[in-house]
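Below, each chain spelled out in residue letters.
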Amino acid sequence: MPLPFPDLPRTRRTVSVLASDGMAPFELGCVVEIFGIPRPELDVPWYELAVCAETPSDLRVVGGFTMRAGHGLDVLAAADTVIVPGVPDVRGEVSAAVVAALRAARDRGARIVSICSGAFALAAAGLLDDREATTHWKYAGLLQRRFPRVRVNPDVLYVDGDDVLTSAGSAAGLDLLVHLVRKDHGPGVANTVARRLVIPPHRDGGQAQFIQAAVAPVTDDDAVAAAMTWALGHLSEPITVAGLAEVARMSQRTFIRHFGRQTGTSPLRWVISQRVAASLPLLESTAAPVEEIAVAVGFDSPVTFRHHFTRAMHTSPSAYRRAFRPPA
């Protein structure tokens, strides 16, 4: 039998995705959009995608159409990254053949990924035993009951366990897939892909998400938004509530009230989140010491920077840098 992916340069990562009868098409489409479209303009070795299925027969897809995968489980297990985008029945049993393929892939060092209910397949294969994992919030309780050895976290967009990664439902899969590109090719390439998809390159979500807080929409006639815009341009300088209120031409009390109504947080907490966000590209793309980055984004000391960074990102600035500096 010929080896799968025979013509790929060694520097290119191969990706396989499992299609199944009765599946919803969105998560599979996300995988195809990220990994299946050639991107020569990025000037990096892109991925080779194989859509795989347990059988060569037509697969019924939610929405009333059918599809046929081009490869079987042997190709699924042979890829560098194996993705399970969902299972059609979260209360049903995963076939022994799929379980064996997932275990074979893991045994040979593949990176295993699930989107939404795909976590049930990984759990059935024992790949989530004694690990933190996530799935769609409405399935989290069931996943925990069916597989008690899994440490289910229902409150995050995705969990990066390095060799095994799981995401929450549907659109959170896009966050995880862009995260994979980021790990493989660095932040510049991932951000470009995200822009092509018209999605944020990072999205707030919780543990080990490595994301930046969103900036509230800015409109020309919004005094609070004008103060926020001013703050973003002066993050390296001391910023006080009094100063922001002055830019907004409000009293401090009125400004705090309007700011909380618009953003759901306090002015100083928002400033801290933006300073942490501003530090991410510096950690990702420069070799500047953490102490210099702390000053550049407006923290009064490296200790304060590390405290707020760790609280927001659930990792340290140095660990974040090691995870996301582009590979040599």
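The rules behind these values
- Residues numbered from 1 in each chain as written.
- Predicted model: local features only at pLDDT ≥ 70, side-chain atom pairs only at ≥ 80, totals over all residues.
- Heavy atoms only, no water.
- Helix = DSSP H or I, 4+ residues; strand = E, 2+ residues; numbered from the N terminus.
- Buried < 20%, exposed > 50% of the residue type's maximum accessible area, 1.4 Å probe, protein only.
- Contact = heavy atoms within 4.5 Å.
- Areas by Shrake-Rupley, 256 points an atom, 1.4 Å probe, with all protein chains shown as cover.
- Phe/Tyr/Trp six-rings, centres within 6.5 Å; stacked < 30°, edge-to-face > 60°.
- Salt bridge = Lys/Arg side-chain N within 4 Å of Asp/Glu carboxyl O.
- Pairing = 2+ DSSP bridges.
- Axes fitted to C-alpha atoms, helices over the stretch in contact; angles between N-to-C directions.
- pLDDT = per-residue confidence, 0-100.
- Expected span 1.5 Å × (residues − 1).
- Polar contact = N/O pair within 3.5 Å; in protein donor to acceptor, adjacent residues only side chain to side chain.
- Parallel < 35°, antiparallel > 145°, perpendicular 65-115°, else oblique.
- Nonpolar A, V, L, I, M, F, W, Y, C, P; charged D, E, K, R; others polar.
- Right-handed = clockwise from strand over helix to strand, strands pointing away.

Trainee: Can you help me understand the overall build of the protein in this one?
Mentor: Scanning the protein for helices and strands turns up 14 helices and 10 strands. Out of the 328 residues belonging to the protein, those deemed buried represent 47%. Partitioning the contacts of the protein with sequence separation of at least 6, the portion at a separation of at least 24 is 63%. Taken as a whole, the protein presents about 15,700 Å² of accessible surface, with 54% of it coming from carbon and sulfur.

Trainee: Looking at this structure, how should I read the packing of aromatic side chains?
Mentor: Aromatic rings in a pair are described by how distant their centres are and how their planes are angled relative to each other. Evaluation of the coordinates by the stated rule reveals nine aromatic pairs. Here the aromatic rings of Phe120 and Phe147 are separated by 6.4 Å at their centres, their planes lie at 70°, and the arrangement is edge-to-face. Of this pair, Phe120 sits in helix α4 (residues 119-124) while Phe147 sits in the loop between α5 (137-146) and β8 (151-152), placing them 27 residues apart in sequence. The same class applies to Phe120 and to Phe147, which are both buried. Look at Phe309 and Tyr320: their rings are 5.8 Å apart centre to centre, the planes differ by 75°, and that puts the pair in the edge-to-face class. One end of the pair, Phe309, is in helix α13 (residues 302-313); the other, Tyr320, is in helix α14 (residues 317-324), with 11 residues separating them in the sequence. The buried category is assigned to Phe309, whose relative accessible area is 0%. A relative accessible area of 0% means that Tyr320 is categorised as buried. Clustering of aromatic rings is evident, with ring pairs tying together Phe299, Phe305, Phe309 and Tyr320.

Trainee: For this particular structure, what's the right way to read the pattern of salt bridges?
Mentor: Side-chain pairs of opposite charge can arise whenever the charged atoms involved come near each other. Summed over all chains, the structure comprises 14 salt bridges. Its salt-bridge partner being Arg68, residue Asp58 comes within 3.0 Å of it at the nearest N-O pair. One end of the pair, Asp58, is in the loop between β2 (48-52) and β3 (59-61); the other, Arg68, is in the loop between β4 (65-67) and α2 (73-78), with 10 residues separating them in the sequence. Its relative accessible area of 53% is what places Arg68 among the exposed residues. Glu291 is the salt-bridge partner of Arg306, the closest N and O atoms lying 3.3 Å from each other. Within this pair, whereas Arg306 is found in helix α13, its partner Glu291 is found in helix α12 (residues 290-296), the two being separated by 15 residues in sequence. It is possible to trace a salt-bridge network through shared partners that takes in Arg13, Arg111 and Asp184.

Trainee: Would you mind going over the sheet that holds strand β5 (residues 81-84) with me for this structure?
Mentor: Sheet strands line up and pair through hydrogen bonds in the backbone, either parallel or antiparallel. An order of β2-β1-β5-β6-β10-β9 is seen for the six strands of this open sheet, with the pairing classed as mixed. Of all the strands in the sheet, just β2 and β9 (158-160) have a single pairing partner and so form its edges. Between one strand axis and the next, the sheet turns through 15° on average, direction left out of account. Here strand β1 (residues 14-18) pairs with β5 via three bridges, running parallel. Within the sheet, the bridge partner assigned to Val17 lies in β5 and is Ile83. The strands touched by helix α1 (residues 25-36) within the sheet are β1, β2 and β5, with β2 carrying the most contacts at an inclination of about 155°. Of the strands in this sheet, β5, β6 (111-114), β9 and β10 (164-167) touch helix α6 (residues 171-185), which is tilted by about 150° from β10.

Trainee: Looking at this model, I keep getting lost on the confidence of the model for the protein. Mind explaining?
Mentor: Detailed reading of the predicted coordinates is not advisable wherever pLDDT falls low. Averaged over all residues, the pLDDT of the protein equals 86, while 88% of them reach at least 70. Between residues 6-11, whose pLDDT stays under 50, and residues either more than four places distant or in other chains, the model counts three contacts. Per-residue pLDDT stays below 50 along residues 204-221; that stretch engages in 50 contacts with residues further than four places along the chain or on separate chains.

Trainee: Would you take a moment to explain helix α10 (residues 252-263) for this structure?
Mentor: An α-helix turns once every 3.6 residues. As a result, residues three or four positions apart point the same way. For α10, built from 12 residues, the straight-helix expectation of 16 Å at 1.5 Å per residue is met to within 8% by its first-to-last C-alpha distance of 16 Å. One or two steps after α10, the chain reaches Gly264, where phi turns positive at roughly 80°.

Trainee: Quick question: what am I supposed to make of the environment of Thr14 here?
Mentor: Relative to the elements of secondary structure, Thr14 occurs in strand β1. Polar contacts involving the side chain of Thr14 include one to the main-chain amide nitrogen of Asp80, which spans 2.9 Å.

Trainee: Which parts of the structure should I look at to understand the packing of helix α11 (residues 267-285) against α13?
Mentor: A pair of packed helices can be characterised by two numbers: the angle between their axes and the separation between those axes. As a packed pair, α11 and α13 sit with axes 10 Å apart at the nearest point and diverge in direction by 90°. The angle between the axes of α11 and α13 places the two elements in the roughly perpendicular class. Along its contact with α11, which presents Ile272, Val276, Ser279, Leu280 and Leu283, the element α13 presents Phe305, His308, Phe309, Ala312 and Met313. Residue classes in the contact of α11 with α13 are distributed as eight nonpolar, two polar and no charged.

Trainee: What is the right way to look at the pairing of β5 in this model?
Mentor: The two faces of β5 match: Thr81 and Ile83 on one face and Val82 and Val84 on the other face are all buried. Pairing between β5 and β6: four bridges, direction parallel. Looking at β6, one finds that Thr81 is bridged to Arg111. Chirality of the crossover, the property in question, places the unit of β5, helix α3 (residues 96-107) and β6 among those that are right-handed.

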